[in-house]
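Architecture and fold: a report
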Amino acid sequence: QTKKETYNKKTEVKKESSQLQKTISELKEGQTLAIEGLSFIPGRHILMKSSIPVLEDLLTSLKENEELRIEIQGHICCQKVFDINELSVMRARAIYNYLVSQKINRKRLTYKGYGTSEPIHPIPEKSEEEQDENRRVEILIIEN
């Protein structure tokens, strides 16, 4: 091979799908998945930097499957106070806004905050682990 042939040769590099992407692609309509690794600054709706790769995986899943429609569901822990329930809406909306800003059609997305109404563990939680499991973002598959 000449240098020119080597230079013109296309090298295809395919990024391996993440576990999140594989799991989302296998979900059926009506199923829900808690998105592990999406963390917010405590008491705020601002994502922590460690959440960016997880958010990127969700974005990639939506880009690769144009039929996928989801509801982003925010859940919080620890308190049964009505004001704080707005935080779950703001967190779900933050994920929604990010996806829309990355050119995902808003018709494919909805969001809803559930506050503390659907805990995995009874409130008050007995440990930080239970709090973490109650404090989550889930996606509901509307169409896949």
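Report on the accompanying structure.

Rules of the game
Residues numbered from 1 in each chain as written. Predicted model: local features only at pLDDT ≥ 70, side-chain atom pairs only at ≥ 80, totals over all residues. Heavy atoms only, no water. Helix = DSSP H or I, 4+ residues; strand = E, 2+ residues; numbered from the N terminus. Buried < 20%, exposed > 50% of the residue type's maximum accessible area, 1.4 Å probe, protein only. Areas by Shrake-Rupley, 256 points an atom, 1.4 Å probe, with all protein chains shown as cover. Lys, Arg positive; Asp, Glu negative; His and termini not counted. Salt bridge = Lys/Arg side-chain N within 4 Å of Asp/Glu carboxyl O. Contact = heavy atoms within 4.5 Å. Core = buried A, V, L, I, M, F, W, Y, C linked by side-chain atoms within 4.5 Å. 1 Å grid on protein atoms, 1.4 Å probe; cavity = no way out; pocket = protein on both sides within 12 Å on 5 of 7 lines; lining within 4 Å. Points joined across faces, edges and corners; volume = space filled by probe spheres on them. Nonpolar A, V, L, I, M, F, W, Y, C, P; charged D, E, K, R; others polar. Expected span 1.5 Å × (residues − 1).

Brief notes about the overall build of the protein chain
Within the protein chain, the regular secondary structure consists of 5 helices and 4 strands. Secondary structure of the protein chain in N-to-C order comes out as α-α-β-α-β-α-β-α-β. For the protein chain, the proportion of its 144 residues judged to be buried stands at 35%. Summed over all atoms, the accessible surface of the protein chain reaches about 9,600 Å², with 50% contributed by carbon and sulfur.

Re the side chain of Glu125
By the element assignment, Glu125 lies in the loop between β3 (109-113) and α5 (128-134). Look at Glu125: it is buried, it has no salt bridge, and the nearest opposite charge is Arg135 at 7.2 Å. For Glu125, the residues in contact, after removing those within four places along its chain, are Cys77, Cys78, Glu130, Gln131 and Asn134.

Regarding the nonpolar core
Ranked by size, the top nonpolar core spans 25 residues in total, and within it Ile70 and Leu99 carry the most contacts. For this core, the secondary structure elements donating two or more residues are α2 (19-26), α3 (52-64), β2 (69-75), α4 (82-101) and β4 (136-143). Residues in contact with Leu99, not counting those within four places in the same chain, are Leu58, Leu59, Leu62, Ile72, Ile104 and Leu109.

Digging into the layout of surface pockets
Reported here for the largest pocket is a volume of approximately 450 Å³. Looking at the largest pocket, it is lined by 26 residues, and the ones nearest its centre are His75, Cys77, Arg91, Arg135 and Arg136. Counting residues per element, the ones that place at least two in the lining of the largest pocket are β2, α4, α5 and β4. Ranked by residues supplied to the lining of the largest pocket, first place goes to α4 with 4 residues. Here the lining of the largest pocket is composed, by residue class, of 13 nonpolar, 7 polar and 6 charged.

Let's talk about α3
Between its terminal C-alpha atoms α3 stretches 18 Å, which fits the 18 Å expected from 13 residues at 1.5 Å a residue. Buried within α3 we find Val54, Leu55, Asp57, Leu58, Leu59, Ser61 and Leu62.

Some details on the pattern of salt bridges
Enumeration according to the criterion identifies 3 salt bridges in this entry. Where Arg69 meets Glu143, a salt bridge forms, and the shortest distance between an N and an O atom there is 3.4 Å. Of the two residues, Arg69 is situated in strand β2 and Glu143 in strand β4; the sequence distance between them amounts to 74 residues. Residue Arg69 is classed as partly exposed on the basis of its relative accessible area of 29%. Two residues, Arg136 and Glu138, come together in a salt bridge whose shortest N-O distance is 2.9 Å. Look at Arg136 and you get buried, because its relative accessible area is 10%. Classification of Glu138 as buried rests on a relative accessible area of 12%.

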